[in-house]
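# A look at the structure
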Amino acid sequence: MHDETLLQVKNISVHYNGVRALKGVSVRLDRGEIVALMGPNGAGKSSILKSIFGLAPVSGGEIIFRGRPVPPATHQIAALGIAFIPQGRRVFRHLNVEENLEMGGFMIHDKKILKRRIEEAMDFFPVLRRKRKAKSGTLSGGEQQMLAIARGLVTDPEVLLLDEPSLGLAPKIVKEVFQKIRQINARRKTTVMVVEHNIKSILDIADRAYVLDKGKIVAHGESFAFLESDILERVFLGGVGAK
Amino acid sequence: MKKTAGIIIGVVAALMLVSAAYVHSMSKKPVVKDTFRIGMIAPLTGDAGFVGVGMKNALLMAREQWGDGKYNYEFVFEDDQLDPKLSASAAQKLLNVDKVDAIVTVGHAPRITVPLARQYDIIHFAIAVQKDIPDGVNNFSHWAPSVKLNGLLIKEMQKRGIKKVGVFRTTSLEAWVAYYNDFLEGIKNTDIRVVTDQTFKKGEKDFRSLIARAKPTNPDIYLIFVETPELEIVAKQIREAGINTPFTTLEGFEVTEQPELFEGYWYVSPVEPSEEFSKAYEAKFGKRPPVCSPNAYDIFNLLATAVERAGSSPSKKPATAQIARELKKIKSFPGALGDLLVSDNGMVMSGVQVKMIKNGKPIALEH
Amino acid sequence: MDILTQLVINGIIAGAIYTLIALGFNLIYGATKFFNIAHGVFAAIGGYTVFFFFKLSGVSLVPSILAGVLLAGIAGMLSDRLIFLPLRRKRGSSVIMLVASLGLFTALQSVIAIMFSNRFQTLTDIFNIQKTYQIFSGVITQIHIVIIITVISLTIGLFLMLNRTKFGKAVKAISDDEEVARIIGIDTDRVIGYVFFIGSAIAGLGGILIGFDTGIMPTMGMGLLLKGVIASIVGGVGNIYGSVCGGLLLGFVENFGVWKISGEWKDAIAFGLLIIFLLFRPQGVLGK
């Protein structure tokens, strides 16, 4: 079912000012999957996504997308077909909803295609259509998160990377967001990698998951396996990271 | 007998050797003249650079003309760009590093050097108008006195029937403030009034609103107390405001780069230097001597005269107190600026005259 | 009243000049959140380039002005590429960037002084008394009309660029969130380089126009920068309409201020205005 490996992170290490955030970490993403990256705060989950996008200082290892090494310059990656929704609902606050979506399609030169994609994105998130002319800074937290994800979809990416999409959102909204992610994966066939601390929500929709602790992968497997084991409990409460 | 002869010959020979050596050493040994070091702090670059350069040239020319004196005269020239911070550091360098015996100053430097001259006990000759700079002990000055300049200015205004004066002046330089205060004093017993007094800081470029304020008062003449570049900018902006009233000033017009702005206008300045000085300066440096250069020339001659009178031996220069005493004894001295007199409080006064810009050049008016 | 009309005109003239400097400064600040002190020296570079070509070398007016604007723009872009970009990459703190820009300012200013001497220079051959026009009961000169028209055109031009072109939208995105702009595929380093070019070219144009009005001096940059910064902050930093608003406000306050107070207080009034805004409304008149 998932045999083509789209994205491979091989053995990377990340150091911030001498502090080691990741050591020898490898993850892979196969076509059509939803993969979860989990772990306690500071485990290094976000660093994995950031390093794919050239936003973290990577020393050692390689990152391969569709068989080719990913360029280190951040702005060259969107064109490959990977979209990144960073942590914190980072919309362009001074632009309105429609303009934000337009910016998402910055790489698209054909105006008709851009328009179509924006309409499709608004189909997916009807609340955005209702508020298309509203300045995005005035939207609620949940609406902003939808906008951030929608913006990523405008390029119709093959791979969607999300960093803590549920952060700071009310439980009801969190549920909605994860429903949307599942729909994106099911209907649009977008491959997804999600960093999440909300274990229940993510394991609900993920096919596979990795668990990180203190910069290393400590567990990895199909999501149902995690629901049955106590590894998560041990990691989050005790810490199982290799010393 | 032979022994005695031998001794006599030996002694005579020794004596002859010794006296030969003595005479030899006496004739070979040069008289070691002591060196009198004179420092100068003036703008050598920038808008006022021509002033310092003129002073430097005049000092060099004066020394050359002085020739072989009792002492060697050495100069140390420091550029302060008319910036008081640089004046202060220049003074410190001259006093502590070069260990000068005298300093010649102009602009902001005089005020700064006055206390240092006392502290280090050297002779300070300022080309400055402020009355409180010379003290006759360490500090001397050589400039046409402000009272004299203003006196002639006011007299000329009265002669031409001027009653209302509009003033544009800077408060950033002491000299202009001193001039203005003496101007106000001088018009007290006349029917001349200041109808508008617009002040500004040096560095200002936009005088238009000050001009708008002055315009309705309708002066008979505008008195501009500031130098380049503000002088030209004020004049230009007054014209642009549609005001055709003439301008006048003290000293200012002859040092402008744009004399067309002041064509046909009279003003008051220190007397022209003597023909002799001007010719010699022009022959040596290729241009007319600028303002302050005759003063520097006179200062060297006055100083050297006083130093050589005060000093007894060429190998030891005299003390400051002795030099000061000799300076004050000078009551008639042929200088580039006329017959010079050193007052008891250290002021060397030179004459004043009315001039006009004609065909772009300053000419003296009949007085 | 005669004098009031003239003060209003003077306020607009001064305001236009300050706006000219503030426009470029705000454009760069908006995109990079960087307080570029060197901005002032690009005005001097513009003025001195025209001085060199037009006055010293006899090149005709329009090419000289083009050269001045271009050279100022290029100087700005180079300073970004060679100094500010590497510092940004190293995540240099704003203090380091500020010091670097101050160092650049001083160095370039010294070079100009060495090449052209410290003295005040005029850009026209004879000390040109400008053609003047009567407006209501006040007077305005030709060069001031040119300055006002230039500022209006530039403001409209910048508005169109920022809102109607793809480049402009990229600039706006970068102003909001530079990292996300990169994530969606904008080559932010290149765009910022062009922003520096445009902003510095505008400063150069300002220096040229001011040079024709009053004159140029190697040290002209600092005074202009300070007024430009005050105009920016008072109007609303990072906002082009803020530049216009702040520039006009500063111009008016200065000129009406000296109506009642003596001329020496002009600078004090300008900085007083700045301090009032910093204390009570730091986002400026049009700030968010």
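Keep in mind the model is a prediction, meaning the values are calculated, not measured.

### Considerations on the overall build of chain C
The secondary structure content of chain C amounts to 11 helices and two strands. The linear arrangement of helices and strands in chain C, starting from the amino end, is α-α-α-α-β-β-α-α-α-α-α-α-α. In terms of its C-alpha atoms, chain C occupies a principal-axis envelope of roughly 60 × 50 × 35 Å. The buried share of chain C, taken over its 288 residues, is 54%. Sequence separation of 24 or more characterises 75% of the internal contacts of chain C that already satisfy a separation of 6 or more. A total of about 11,800 Å² of accessible surface is found on chain C, and carbon and sulfur atoms cover 72% of it.

### Let's talk about the sheet that holds strand 6 (residues 164-170) of chain B
All names here are of chain B. In space, the four strands of this open sheet follow the order 7-6-8-9, with parallel pairing throughout. Each edge of the sheet is formed by a strand with only one pairing partner; in this case those strands are strand 7 (193-200) and strand 9 (247-248). Pairing between strand 6 and strand 7: seven bridges, direction parallel. The residue bridging Phe168 from the neighbouring strand is Gln198, located in strand 7.

### Section: the packing of helix 2 (residues 39-56) of chain C against helix 9 (residues 220-235) of chain C
All names here are of chain C. Where helix 2 contacts helix 9, the two axes come as close as 7 Å, and the packing angle between them is 130°. Considering their axes alone, helix 2 and helix 9 lie oblique with respect to each other. When you trace helix 2 past helix 9, the crossing you get is right-handed. Contacts between helix 2 and helix 9 involve His39, Gly40, Val41, Ala43 and Ala44 from the first element and Met220, Gly221, Leu224 and Leu225 from the second. Class assignment of the residues belonging to the contact of helix 2 with helix 9 gives a composition of six nonpolar, three polar and no charged.

### Digging into the confidence of the model for chain C
Fine structural detail should not be taken from predicted coordinates in areas where pLDDT scores are low. All names here are of chain C. Looking at chain C, pLDDT values average 90 and 97% of them are 70 or higher. Mean pLDDT values over the elements of chain C span from 80, in strand 1 (residues 132-135), up to 95, in helix 8 (residues 188-213). Scored by ipTM, the complex comes to 0.88, with pTM at 0.83.

### Details of the interface of chain A and chain C
One widely used convention gives an interface's size as the accessible area the parts lose upon coming together. Taken together, the contacts link 20 residues of chain A with 17 residues of chain C. Approximately 1,900 Å² of surface area, both sides summed, lies buried where chain A meets chain C, with 62% of it carried by carbon and sulfur atoms. The three residues of chain A that bury the most area against chain C are His75, Phe92 and Phe106 of chain A, which together make up 34% of that side's buried surface. The tally of links between chain A and chain C comes to three salt bridges.

Parameters at a glance
Residues numbered from 1 in each chain as written. Chains lettered and ligands numbered in written order. Predicted model: local features only at pLDDT ≥ 70, side-chain atom pairs only at ≥ 80, totals over all residues. Heavy atoms only, no water. Helix = DSSP H or I, 4+ residues; strand = E, 2+ residues; numbered from the N terminus. Buried < 20%, exposed > 50% of the residue type's maximum accessible area, 1.4 Å probe, protein only. Contact = heavy atoms within 4.5 Å. Areas by Shrake-Rupley, 256 points an atom, 1.4 Å probe, with all protein chains shown as cover. Pairing = 2+ DSSP bridges. Axes fitted to C-alpha atoms, helices over the stretch in contact; angles between N-to-C directions. Parallel < 35°, antiparallel > 145°, perpendicular 65-115°, else oblique. Left-handed = near helix turned anticlockwise from the far one by under 90°. Nonpolar A, V, L, I, M, F, W, Y, C, P; charged D, E, K, R; others polar. pLDDT = per-residue confidence, 0-100. Buried area = accessible area lost by both parts, 1.4 Å probe. Salt bridge = Lys/Arg side-chain N within 4 Å of Asp/Glu carboxyl O.

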